[in-house]
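Structure at a glance
These are the residues of each chain, in order.
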Amino acid sequence: MAGSQGAGRTAAPSVRPEKRRSEPELEPEPEPEPPLLCTSPLSHSTGSDSGVSDSEESVFSGLEDSGSDGSEDDDEGDEEGEAGALDDEGHSGMEKTTEEQVQASTPCPRTEMASAWIGDEYAEDSSDEEDIRNTVGNVPLEWYDDFPHVGYDLDGRRIYKPLRTRDELDQFLDKMDDPDYWRTVQDPMTGRDLRLTDEQVALVRRLQSGQFGDVGFNPYEPAVDFFSGDVMIHPVTNRPADKRSFIPSLVEKEKVSRMVHAIKMGWIQPRRPRDPTPSFYDLWAQEDPNAVLGRHKMHVPAPKLALPGHAESYNPPPEYLLSEEERLAWEQQEPGERKLSFLPRKFPSLRAVPAYGRFIQERFERCLDLYLCPRQRKMRVNVQPEDLIPKLPRPRDLQPFPTCQALVYRGHSDLVRCLSVSPGGQWLVSGSDDGSLRLWEVATARCVRTVPVGGVVKSVAWNPSPAVCLVAAAVEDSVLLLNPALGDRLVAGSTDQLLSAFVPPEEPPLQPARWLEASEEERQAGLRLRICHGKPVTQVTWHGRGDYLAVVLATQGHTQVLIHQLSRRRSQSPFRRSHGQVQRVAFHPARPFLLVASQRSVRLYHLLRQELTKKLMPNCKWVSSLAVHPAGDNVICGSYDSKLVWFDLDLSTKPYRMLRHHKKALRAVAFHPRYPLFASGSDDGSVIVCHGMVYNDLLQNPLLVPVKVLKGHVLTRDLGVLDVIFHPTQPWVFSSGADGTVRLFT
């Protein structure tokens, strides 16, 4: 017990002075008069007492680091002392706590003095003032670009950015008024303006000029050589050599073995010494295939020089010598036209032959010919001219098609502009510049009726429906609907009933055209309805069903094309804008498409969706005519620059084939409704009939073969054939010309 108590007493003093020595600046100098300890009647001198009271210990307890080494030693000494005290006197933990509380409550002069000194220190603390420094720490400030604050202080409150409401005008005024504006910078941490001192400005200028920051630094001091030239007694390093310095390396052994294996396999070739002798070869030698130039497949060897003949001899025969007239003629010729480049001369002996004057020049030209003249082997292909012509079937195999003129329909006194055939093929209607419509019987060429219309007939179209007997004719600014009353009387009567059954609405709608009933006198001539447009009509065409007809007006703007509905007597303009002057329109035979041909293009519109489906580019200067194949997948158009263009709508918007058989402008093109035939009429007075077979197999292209050129029309006023149309059931073609006749070719 005594030993442990003594150990406890001797262990504590060895630690306490260290602790008191560790904070000398916090403790005032000791005075000899006051006692170090404040005695109390309740304090007992136990083994844990180390000469410093608990009250004094409490003063320093708030100023020392709890994690220091001295505190750990104190804890160990206190534990030993407490163990000895418990063994010796048997105090309980509760009693000791009571003693410490009483002892700490007892005042002591030293405690009062220390607390007063510490109070004076905090009296001068300026922590309540606003700290202008940014205490957010080493944080990237771009994190706070989108926020009004720049960080947080120790209490978790936001540090707001300084309000900078200064615009460029304020900055300019500061720049003019403030003489220290040039040395004012902005602190990125706080956002405040700082004025650089003279020392800082001088430091910045030194760094900008590439000098050292320290003024007193001399970069040109003499270098002190560590290894001097004098032989020293002791070595700089005396480390013994490594073991690996005298043992063969395993890594190098592996590398060498790889190289040896690569040399054995032939992957690494040994370096052969280069041959220093230059490699010359004869340019015009007879090349063998193994030579350098012989390896070029297209190389042609240089031609040899011609061997000298009798004229180049020093003693030529007399017939090779030129007479005086021949010599004068030779001198007057151009050098390229002369047969010989020299004058033959005769010398008595070889010793008397002088030096050749043009020797060096000819050798130089020969060298230029050898290495500057391009020589290339031309691969000539032997082709028979017959092989270049495509293999087309014979026209005899493509019959039937019209071959000869059968009938001539005479009666018009001026050029016949337009034709149309009835759906049954029995009647023919023609319009002329003489101001009349003529109805013909096809089989006999007899004019059945003549209807005077009082103007030039630009276009005529028979209604394709077999249940309706109606003809539409474009005369000046009107479209006339006539009932010719030919053929079946029941069909003609039902047509009149259909037209008279229309009941006009109470409020007539606003339309681009006016529908007018014919007068009684006009009805006697066959006229039933008149559609007035206000602009000249150039073309009229029917839809396949027979209820709609489209007209083309000679005007500018979006109202060039109008569509009329016969049953409801309504007119509409399908387009909102114009794409150029419209030449022709045509309805698709099977689908709700409308083809509109302008001067340079053909547009395909979907009438139900009201959108542009395709734009065909004919590559022609001026489109004149348009026709659609009965199947609907192919289109032909003629042009005034004598081209006929075939389009395959499933293939491309570019022409599939362009035919240039005519010599002059094309006026009309037409497809046959049943046979694989199409025809074109031109101002050269001819009608060319072509075989145009369209296959059901989509992978097979159409077969286009011209089969016959039909002539018969006489050129009048430089105009030939003006319109062409096929018979609906027979392989016959009708043509109208400027000579005032209509001709049938069968």
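Remember, predicted model here, so these are calculated numbers, not experimental data. (Residues numbered from 1 in each chain as written. Predicted model: local features only at pLDDT ≥ 70, side-chain atom pairs only at ≥ 80, totals over all residues. Heavy atoms only, no water.)

**Things to note about the overall build of the protein**
For the protein, the helix and strand inventory stands at 14 helices and 33 strands. The buried share among the 746 residues of the protein stands at 32%. Of the roughly 49900 Å² of accessible surface on the protein, 54% is carried by carbon and sulfur atoms. (Helix = DSSP H or I, 4+ residues; strand = E, 2+ residues; numbered from the N terminus. Buried < 20%, exposed > 50% of the residue type's maximum accessible area, 1.4 Å probe, protein only. Areas by Shrake-Rupley, 256 points an atom, 1.4 Å probe, with all protein chains shown as cover.)

**A word on the confidence of the model for the protein**
Low-pLDDT portions of the prediction should not be read for the details of their coordinates. Predicted confidence across the protein gives a mean pLDDT of 78, with 79% of residues reaching 70 or more. Scored below 50 in pLDDT, residues 1–131 shows 66 contacts in the model against residues more than four places distant or in partner chains. (pLDDT = per-residue confidence, 0-100. Contact = heavy atoms within 4.5 Å.)

**Some remarks on the UniProt feature "repeat: WD" (unreviewed entry) in the protein**
As recorded in UniProt, the sites labelled "repeat: WD" (unreviewed entry) are residues 409–450 and 659–689. Strand forms 55% of residues 659–689 and helix 0%; the C-alpha atoms that close the span are 12 Å apart. (UniProt positions renumbered as here; feature names shortened; annotations may be inferred.)

**Description of the packing of aromatic side chains**
Applying the stated rule across the entire model yields 8 aromatic pairs. Ring centres 6.2 Å apart and planes at 70° place the aromatic pair tryptophan 622 and tyrosine 640 in the edge-to-face group. Note that tryptophan 622 is positioned in the loop between strand E22 (611–616) and strand E23 (623–628) and tyrosine 640 in the loop between strand E24 (634–639) and strand E25 (644–648), a separation of 18 residues in sequence. Relative to phenylalanine 678, the ring of phenylalanine 671 has its centre 5.9 Å away and its plane inclined at 55°; by these criteria the two rings are tilted. Joined through ring pairs, the aromatic side chains of Tyr409, Trp440 and Phe734 make up one cluster. (Phe/Tyr/Trp six-rings, centres within 6.5 Å; stacked < 30°, edge-to-face > 60°.)

**Comments concerning the sheet that holds strand E16 (residues 548–553)**
One key point about sheets: their strands pair by backbone hydrogen bonds, in either a parallel or an antiparallel sense. Read across the open sheet, the 4 strands follow the order E15-E16-E17-E18; overall the sheet is antiparallel. Two strands close off the open sheet at either side, each with one partner strand: strand E15 (537–542) and strand E18 (570–572). Put simply, the sheet's adjacent strands are angled 20° from each other on average, direction ignored. As judged from the 5 bridges shared by E15 and E16, these two strands associate in the antiparallel manner. The residue of E16 that forms the bridge with glutamine 539 is valine 552. (Pairing = 2+ DSSP bridges. Axes fitted to C-alpha atoms, helices over the stretch in contact; angles between N-to-C directions.)

**Here's the deal with the sheet that holds strand E7 (residues 427–432)**
Pairing is antiparallel in the open sheet, where 4 strands are placed in the order E6-E7-E8-E9. On the outer flanks of this sheet lie strand E6 (416–421) and strand E9 (446–452), each paired with one strand and no other. For this sheet, the mean angle separating the axes of adjacent strands, direction not counted, is 20°. Pairing between E7 and strand E8 (residues 436–441): 5 bridges, direction antiparallel.

**So, unusual backbone geometry**
In the segment running from glutamine 399 into proline 400, the intervening peptide bond is cis, with an omega of 10°. Non-glycine residue glutamate 476 carries a positive phi angle of around 55°. With respect to the helices, strands and loops of the structure, glutamate 476 is situated in the loop between strand E11 (471–475) and strand E12 (478–482). For alanine 485, which is not glycine, the phi dihedral falls at a positive 55°. Of note, alanine 485 is situated in the loop between E12 and helix H13 (489–500).

**Overview of the nonpolar core**
Ranked by size, the top nonpolar core spans 20 residues in total, and within it Ala472, Val479, Leu481, Val540, Trp542, Val551 and Leu566 carry the most contacts. Put simply, the parts of the chain that give this core at least two residues each are E11, E12, strand E14 (527–532), E15 and E16. With 18 residues, the next largest nonpolar core counts Cys418, Trp427, Ala473 and Leu527 among its residues. (Core = buried A, V, L, I, M, F, W, Y, C linked by side-chain atoms within 4.5 Å.)

**A few points about the pattern of salt bridges**
Evaluation of the coordinates by the stated rule reveals 21 salt bridges. Ionic pairing is found between glutamate 611 and arginine 609, a salt bridge with its closest N-O pair at 3.5 Å. Salt-bridge contacts for arginine 667 lead to aspartate 683; the nearest nitrogen and oxygen are separated by 3.0 Å. Pair noted here: arginine 667 is in strand E27 (residues 666–671) and aspartate 683 is in the loop between strand E28 (677–682) and strand E29 (686–693), with a separation of 16 residues, a long-range link. The exposure class of arginine 667 is partly exposed, given its relative accessible area of 28%. Judged by its relative accessible area of 6%, aspartate 683 falls in the buried class. (Salt bridge = Lys/Arg side-chain N within 4 Å of Asp/Glu carboxyl O.)

**Let's talk about the side chain of serine 478**
Mapped onto the secondary structure, serine 478 falls in strand E12. Relative accessible area serves as the criterion here: at 5%, serine 478 is assigned to the buried category. A distance of 3.3 Å separates a polar atom in the side chain of serine 478 from a polar atom in the side chain of aspartate 477. Beyond its immediate chain neighbours, meaning those up to four positions away, serine 478 contacts Ala473, Arg530, Ile531, Cys532, His533 and Val537. (Polar contact = N/O pair within 3.5 Å; in protein donor to acceptor, adjacent residues only side chain to side chain.)

**Considering the side chain of serine 601**
By the secondary structure assignment, serine 601 is in the loop between strand E20 (593–598) and strand E21 (602–606). There is a polar contact of 3.0 Å between the side chain of serine 601 and the side chain of arginine 603. Not counting residues within four places of it along the chain, the set of residues in contact with serine 601 comprises Val596, Lys615, Leu616, Met617 and Pro618.

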